[in-house]
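Analysis of the macromolecular model
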Amino acid sequence: MKSLKTTVKAAVAALAIIGGIGLAPAHADEQYFPLQSYRVGPYAAGGTGFFGGFIDYLNLINIRDGGVNGVKLTWDECETQYEVERGVECYERQKSHPNAAAWNPLSVGIAYAMIDRITSDKVPLITVNHGRTDSTDGRVFPYVFPLLLNPYSETSGIVNYLASREGGLEKLKGKKIVVLYHGSPYGKETIPIYDLLAEKYGFTVQQIEVPHPGNEQQSQWLTIRRAKPDYVVLRGWGVMNPVALKTAAKVGFPASKIVGNVWSNSEEDVIPAGEAAVGYTAITTQASGQQYPVLQEIVKTLYDQGKGNLEDKKRIGSVYHNLGIVNGILNVEAIRTAQEKFGKRTLTGDEVRWGFEHLKLDEAKVAALGAKDLFHSINVSWDNHEGDGYVTFQQWDGKKWNVVSDWIAPDWKLLRPIIEKSSEAYATEKGIKLRTAADAEGTVTTN
């Protein structure tokens, strides 16, 4: 017979899937996070890990610190199953809750569908490691924050890493790279930037689509075997990733020549592939492992007390879990930053936007937060909503990820003009006036 705890969890999950969890009334000293999570469906591993880490960090701040300067952090979850329609339904349901700090859907499709809505409502949308590349330009997208990494800076980081393996960017000339991408808006986002970098550095690129969800890839890997590329960039998501690694092994393509993108870099991507994943390398914005002080605090304060969000303790410190924790740090520190200007109280969404636009965590501050070497730094401004774009690379040895590179920066001189051209075209299409620094300093009351 199932335990009462299991039964209750199942009932809560069912409620979330059917109609969302009911919204508790807000109090003046609370800051609310609406969580459009996904704990079921083909991408549940990413959702449970990320939202588990995010919630763990919010819980840590509440239990250890009593909230952010006395303001308690609250949240509820609405199950999206990673589906856009469900994500929008959750948005419409959860936005009625007052004191919303920011939206964190961890879904490109849901994020795209929310941009006009959150801009009207003046509440930040955080698309950590994903989202529209041109939303980096805060002149056009005041409420969208692709923190840590956008698809173009990720691509630049991967190409720079491959160049380092070859001995320099000039050594890429004549090389052949295949990009195997997920058949979705997320997967297709980087097609033009790979073409541009291929032209710039003289390598050839072949881009091959894998239809969602990616269970069958035999024909794509037979094509790759015939092409005989020097490298394959795996731009996958969910089940597509272990299937890619296993199929590559079947056709004789070595894992050591496959480099995964930021959504192909988790334990859930490599463990199911078994021996086929050994030697595989992937980009990441945050390292895995439990050795960081903030992780040790979470274990001691939450998991040792039976309060952790992950059901499987073996996932503590995994890639998705740590990304959720880092995302929690960024959200909390944006609130703390905004409180320094507006007061140690519940903030409006627009005030939190201001906090994100002044979020500056250098390496010393990251270390003070217990996250030294977990992630590098971030330096957000009113017109740069991503930050520094530093990435590192990790290799799977069959049991754990090992960092195999220094922190690598993207080529911002190349990327920023491309980003601005795209964002300005969007602004023209939508009739948006470009913001100025003075515009960004002002705030409006929204909730």
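The paragraphs below set out a description of the structure included in this document.

1. Re the sheet that holds strand 9 (residues 281–284)
Read from one edge to the other, the open sheet built from 7 strands follows the order 6-5-7-8-9-12-13, with strand pairing classed as mixed. Each end of this open sheet is capped by a strand with a single partner; those strands are strand 6 (204–211) and strand 13 (401–403). On average, each strand axis in the sheet is inclined to that of its neighbour by 25°, with strand direction left out of account. In terms of strand pairing, strand 5 (residues 176–183) meets strand 7 (residues 231–235) through 5 bridges, oriented parallel. Bridge pairing links Tyr181 to Arg235 in strand 7. Its contacts with the sheet put helix 7 (residues 191–201) on strand 5, strand 6 and strand 7, and the angle it makes with strand 6 is roughly 165°.

2. Let's talk about unusual backbone geometry
In this structure, the amide linkage connecting His212 to the following residue, Pro213, adopts the cis form with an omega of -5°. Locating Pro213 in the fold gives a position in the loop between strand 6 and helix 8 (218–227). The phi dihedral of Leu148 is positive, around 75°, even though this residue is not glycine. The class of Leu148 is buried, set by a relative accessible area of 6%. Positive phi outside glycine occurs at Lys228, with the angle close to 55°. Judged by its relative accessible area of 68%, Lys228 is exposed.

3. Observations concerning the state of the cysteines
In protein chemistry, a disulfide is the covalent bond that joins the sulfur atoms of two cysteines. Scanning the model with the defined rule gives 1 disulfide in all. Cys78 shares a disulfide with Cys90; S-S distance 2.1 Å. Its S-S torsion of approximately -75° makes the covalent link between Cys78 and Cys90 left-handed. Of this pair, Cys78 sits in the loop between strand 2 (72–77) and helix 3 (84–94) while Cys90 sits in helix 3; the two residues are 12 residues apart in sequence, bridging distant segments of the chain. Judged by its relative accessible area of 1%, Cys78 is buried.

About the thresholds
Residues numbered from 1 in each chain as written. Predicted model: local features only at pLDDT ≥ 70, side-chain atom pairs only at ≥ 80, totals over all residues. Heavy atoms only, no water. Pairing = 2+ DSSP bridges. Helix = DSSP H or I, 4+ residues; strand = E, 2+ residues; numbered from the N terminus. Axes fitted to C-alpha atoms, helices over the stretch in contact; angles between N-to-C directions. Contact = heavy atoms within 4.5 Å. Buried < 20%, exposed > 50% of the residue type's maximum accessible area, 1.4 Å probe, protein only. Disulfide = S-S within 2.5 Å.

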